[in-house]
Amino acid sequence: MSLLQLHGLVPGETTQLTLPVGHRLLPCGPIGALVSPIANAAMFENPVPEELARWVAHHNSILLAYCASRPVLPMAIGSVFSSTEAVKERVQEDCTAHLQNLAVLKDMLEFTGQLHVTADQTSPAPKGHDGRAFLKARKVQRDRRQNLASDQLQMARNVLQELDSFSVQVTQAKTPKPSRVLDCAVLIRKTYLPQLRQLARTLHLPSTNLGLDLEVSGPWPPYSYDPKPARAGEAVHGH
């Protein structure tokens, strides 16, 4: 049985894009559903990392293409349906909530804010035969490293505080990479885009001086948006 992945929802007046290939814009009344066929349904039950990674990239590319010029409500990667009729039925069940969420997202943009650790700013301890001098130098090095780590964390808090001051929602990564002292997604109103750009410019040099690289990127599909009125998009099999 062929299955369909529901990638996301868009306003009904949206025109289908030619790229990415392999997807379809399915009319569902006042809402459009972005879908594509799943060639290997077992991918979600017995996932092969490489195959799943390709599918996630395809999912993201579809949402990214549409969010460039219109609101997009992403669905979970496991939103799987048995037919176009099943997709339409499920979308229309929560049509009012979906329309409300799309209306909210119309004025929103999602960006990511990350602080990457680029280098250890401490100098190596000098070599020498004097044991006391060596231990003293090691202590100085350790203190510098601890102070640097503390300053880096304070910079992360400062960036987060600045982002929070004009964002609708800030979501921090649950398991950030060790090389990042900050990893978050921010939803902002489009009118606050100049503030975001100014923040990136203002804090770039102070971050660099602490061995950090401040990266603000986007706009991305609003993955961090939590559509509380509706929880549609959960996996449906054999519906």
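Residues numbered from 1 in each chain as written. Predicted model: local features only at pLDDT ≥ 70, side-chain atom pairs only at ≥ 80, totals over all residues. Heavy atoms only, no water.

Undergrad: Tell me about the overall build of the chain, and please be specific about residues and values.
TA: A count of helices and strands for the chain gives five helices and nine strands. The N-to-C order of helical and strand elements in the chain reads β-β-β-α-β-β-α-α-β-α-β-β-α-β. Evaluated residue by residue, the chain yields a buried proportion of 40% over its 239 residues. For the chain, long-range pairs separated by at least 24 residues make up 74% of all intrachain contacts whose partners lie at least 6 apart in sequence. Total accessible area on the chain stands at roughly 13,600 Å², and carbon and sulfur atoms take up 55% of it. (Helix = DSSP H or I, 4+ residues; strand = E, 2+ residues; numbered from the N terminus. Buried < 20%, exposed > 50% of the residue type's maximum accessible area, 1.4 Å probe, protein only. Contact = heavy atoms within 4.5 Å. Areas by Shrake-Rupley, 256 points an atom, 1.4 Å probe, with all protein chains shown as cover.)

Undergrad: Pulling in residues and values, what's your account of the packing of aromatic side chains?
TA: For the structure on display, the rule yields one aromatic pair. Summarising the aromatic geometry, the rings of Phe 166 and Tyr 192 are spaced 6.3 Å apart at their centres and angled 5° between planes, so their arrangement reads as stacked. Placement of Phe 166 in helix H4 (residues 131–166) and of Tyr 192 in the loop between strand S8 (180–189) and helix H5 (193–209) is noted, with a sequence separation of 26 residues between them. (Phe/Tyr/Trp six-rings, centres within 6.5 Å; stacked < 30°, edge-to-face > 60°.)

Undergrad: How would you explain the sheet that holds strand S6 (residues 108–117) if you had to name every residue and give the values?
TA: Ordered by their spatial adjacency, four strands build an open sheet running S7-S8-S6-S9, and the pairing between neighbours is antiparallel. A strand with exactly one partner marks an edge of an open sheet, and here the two such strands are strand S7 (169–172) and strand S9 (212–220). Across the sheet, the mean angle from the axis of one strand to that of its neighbour is 20°, orientation sign disregarded. Taken together, the nine bridges between S6 and S8 define a ladder with antiparallel strand orientation. When the sheet's bridge partners are listed, Phe 111 is paired in S8 with Val 186. (Pairing = 2+ DSSP bridges. Axes fitted to C-alpha atoms, helices over the stretch in contact; angles between N-to-C directions.)

Undergrad: Any details on the environment of Ser 61? Residues and values, ideally.
TA: Take Ser 61: it is sitting in helix H1 (residues 49–67). Of the residues examined, Ser 61 reaches a relative accessible area of 26% and is grouped as partly exposed. Separated by 41 residues in the primary sequence, Ser 61 and Pro 20 have C-alpha atoms spaced 6.7 Å apart.

None of the figures reported here should be taken as evidence of function without further support.
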